[in-house]
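So the chains spell out like this:
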Amino acid sequence: MTNHVTLTQFIIEQQRELPGVSGTFTSLLNDVVTACKKISHLVNRGDLVGVLGSAGSENVQGEVQKKLDIITHDIMVDALNWTGHLAGMASEEMDGIIRIPPQYPKGKYLALFDPLDGSSNIDVNLAVGTIFSILRCREGVEPELEDFLRKGAEQVCAGFVLYGPSTMMVLTTGHGVNGFTLDQDIGEFILTHPGMTIPDETCEFAINMSNRRFWEEPVRRYIDECLQGSEGIREKDFNMRWIASMVAEVYRILTRGGVFMYPYDLRDPSKAGRLRLMYEANPMAFIIEQAGGACSTGRERVLDIMPTGLHQRVPVILGSKNEVGRIVDYHKNEGAVEAV
Ligand code: AHG
Ligand code: MN
Ligand code: MN
C-alpha cells in the first residue's frame, strides 16, 4: 500500500481548511477511535475471552441484551467521559442521557451511539458495528434531554465502525465520506477509501422479506416490482441481500450502491419502525447523503425529523438516490414515478 494517511492526520488536515475549528474535535474523534479499537479487539477474540452470548437482561427498549451490548456500551462511556471533550452522551443501552462525572471537565460536544449494531449477529460470527453521531452543545451548560433532541441535519460528524473481515471506520464531517481500514499491526486507521460515493441507480435491495405481510402498499409495490425483474416494469433483474446489521448494509451500499429498507410496518402500531432515529438513522442518513445518496422515511427526509425522544424509532429507506426517490414517489402517489 502506498497511501499511509492516518485518520488523525486526515482530520487535522481537513480541519486546517475550516475557519474557527479547534483541535478539540480531532481529540474527541481519537477518543472514539480508542474505544472502537478496543471493541474491534474484543469482537475478534470472541469466545476466547468469554464475551459471546446473552447477558440475561433487557435494555430500555425491551430487547434482550447480549453480553457484548453491555461491554461495548461501557467501553464507549469509559473512553469518552473523562477526556473533557463531551458535555454528555446517549446510548442505545441506556434509558436516559449519560452525564459527565462531576470530577471531569465538560466539553462542547454531545455523542450519541449504538455501541454494538447488529448484535444478533455476534453469536453466529457475522459482521457487527458501532454507530456514532456528534452534535454541538451549548457551551457552559449541563445538557438536558432537550439539548440532545435536535434534527439530524445539525450533526457535526457521524460515523460507523464495521467489524468485518477488516475493521473499517467510515466518517463524515459534512465534507464528503471517507473510509479508513484499521491496520492491526500499527494500531492506526489508514485512509483506504477516500471520497466514497453511491451510484444513483442500483439493481440490489436489502429488506427483511419475512415482514412482507406487515408492510404498507408502497413498499410492497416497490419490492414486488424488483422481484418481477426483467419481466416486470423495471425491465432488469434485481439481487437481494440481508445481513441483519445496518452497518454492514450501509457499507455495502457505499461501495457498490443499492437500497436498504427497514420500513414502517404494522406489527406494532406503537413503533414507527425498527431503527432508532438518534443513533442509527440520523448518523447513517448524514453519511448516505454526504456520499450522494438519499435517506427518507418514505414520507420525510430523515435529517429533517424533529426528534421527540432519545430512543424514538423511524422507518428508514436509504441508498441510491433514484431508487429512494422512486419509493418516496410511491408513498406520495400510487401512480406516476418522478426523479428525486
Ligand atoms: P441492534 O443490534 O443495535 O439492536 O440493531 C439491529 C438492527 C439493524 O442493524 C438491522 O438492520 C436490524 O436491526 C435487523 O433486524 P431484523 O432482525 O428484524 O432483521
Ligand atoms: Mn443497531
Ligand atoms: Mn445495538
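All values derive from a computational prediction rather than experimental measurement. (Residues numbered from 1 in each chain as written. Chains lettered and ligands numbered in written order. Predicted model: local features only at pLDDT ≥ 70, side-chain atom pairs only at ≥ 80, totals over all residues. Heavy atoms only, no water.)

Quick word on the overall build of the chain
Link 1 in the chain: Scanning the chain from terminus to terminus reveals eight helices and 17 strands.
Link 2 in the chain: Here the C-alpha radius of gyration of the chain, 20 Å, is about what a compact globule of 340 residues would show, namely 20 Å.
Link 3 in the chain: Summarising its shape, the C-alpha atoms of the chain cover approximately 65 × 45 × 45 Å along the three principal directions.
Link 4 in the chain: By residue count, 57% of the 340 residues in the chain fall in the buried class.
Link 5 in the chain: Taking all contacts inside the chain whose residues are at least 6 apart in sequence as the whole, residues at least 24 apart take part in 63%. (Helix = DSSP H or I, 4+ residues; strand = E, 2+ residues; numbered from the N terminus. Rg over C-alpha atoms; globule rule 2.2 N^0.38 Å. Buried < 20%, exposed > 50% of the residue type's maximum accessible area, 1.4 Å probe, protein only. Contact = heavy atoms within 4.5 Å.)

Things to note about the site of ligand 1
Link 1 in the chain: Residues in contact with ligand 1 amount to 17 residues; listed here are only the nearest, Asp-117, Ser-119, Asn-208, Met-246 and Tyr-262.
Link 2 in the chain: Leu-116 places a polar main-chain atom, nitrogen or oxygen, 3.4 Å from an oxygen atom of ligand 1.
Link 3 in the chain: Within the side chain of Tyr-262, one N or O atom sits 2.5 Å away from an oxygen atom of ligand 1.
Link 4 in the chain: When ligand 1 is considered free in solution it has 470 Å² of accessible area, and contact with the protein chains removes 88% of it. (Near = heavy atom within 4 Å. Polar contact = N/O pair within 3.5 Å; in protein donor to acceptor, adjacent residues only side chain to side chain. Areas by Shrake-Rupley, 256 points an atom, 1.4 Å probe, with all protein chains shown as cover.)

As for the coordination of the manganese ion (ligand 3)
Link 1 in the chain: Glu-92 (OE), Asp-114 (OD) and Leu-116 (O) make up the full set of protein donors to the manganese ion (ligand 3), lying at 2.2 Å.
Link 2 in the chain: The metal-metal distance between the manganese ion (ligand 3) and the manganese ion (ligand 2) is 3.7 Å, with Asp-114 serving as a donor to both.
Link 3 in the chain: Its relative accessible area of 0% is what places Asp-114 among the buried residues. (Donors = N, O, S within 2.8 Å, 3.2 Å for Na, K, Ca; no water.)

Notes on the pairing of strand β10 (residues 188–193)
The side chains of a regular strand alternate between both faces of the sheet.
Link 1 in the chain: Relative to β10, strand β9 (residues 177–183) runs antiparallel, the two sharing five bridges. From the neighbouring strand, Leu-182 faces β10, where its bridge partner is Phe-189.
Link 2 in the chain: Once β9 ends, the chain turns through four residues before running back antiparallel as β10, passing Gly-187 with a positive phi of about 70°. (Pairing = 2+ DSSP bridges.)

A word on helix α1 (residues 7–16)
Link 1 in the chain: Taken together, the buried positions of α1 are Leu-7, Phe-10, Ile-11, Gln-14 and Gln-15. End-on, the buried residues of α1 take up no more than an arc of 125°, which puts them together on one face.
Link 2 in the chain: Those residues of α1 hidden inside the fold are in contact with α2 (24–45), β8 (167–172), β9 and β10. (Arc of directions from axis to C-beta.)

Details of the pattern of salt bridges
Link 1 in the chain: Enumeration over the complete set of coordinates arrives at 24 salt bridges.
Link 2 in the chain: Put simply, Glu-249 and Arg-252 hold a salt bridge, and the shortest N to O gap is 3.0 Å. With Glu-249 and Arg-252 both in helix α6 (residues 246–256) and three residues apart, the pair spans about one turn of that helix. Summarising the burial analysis for this pair, Glu-249 and Arg-252 share the class buried.
Link 3 in the chain: A salt bridge links Glu-289 to Arg-301, with the nearest nitrogen and oxygen atoms 2.8 Å apart. One end of the pair, Glu-289, is in helix α7 (residues 277–290); the other, Arg-301, is in the loop between β15 (294–296) and β16 (313–314), and twelve residues separate them in sequence.
Link 4 in the chain: In this structure Glu-289 comes out as partly exposed when scored by relative accessible area, which is 24%.
Link 5 in the chain: The network of salt bridges with common partners includes Glu-63, Glu-92, Arg-274, Arg-276, Glu-280 and Arg-313. (Salt bridge = Lys/Arg side-chain N within 4 Å of Asp/Glu carboxyl O.)

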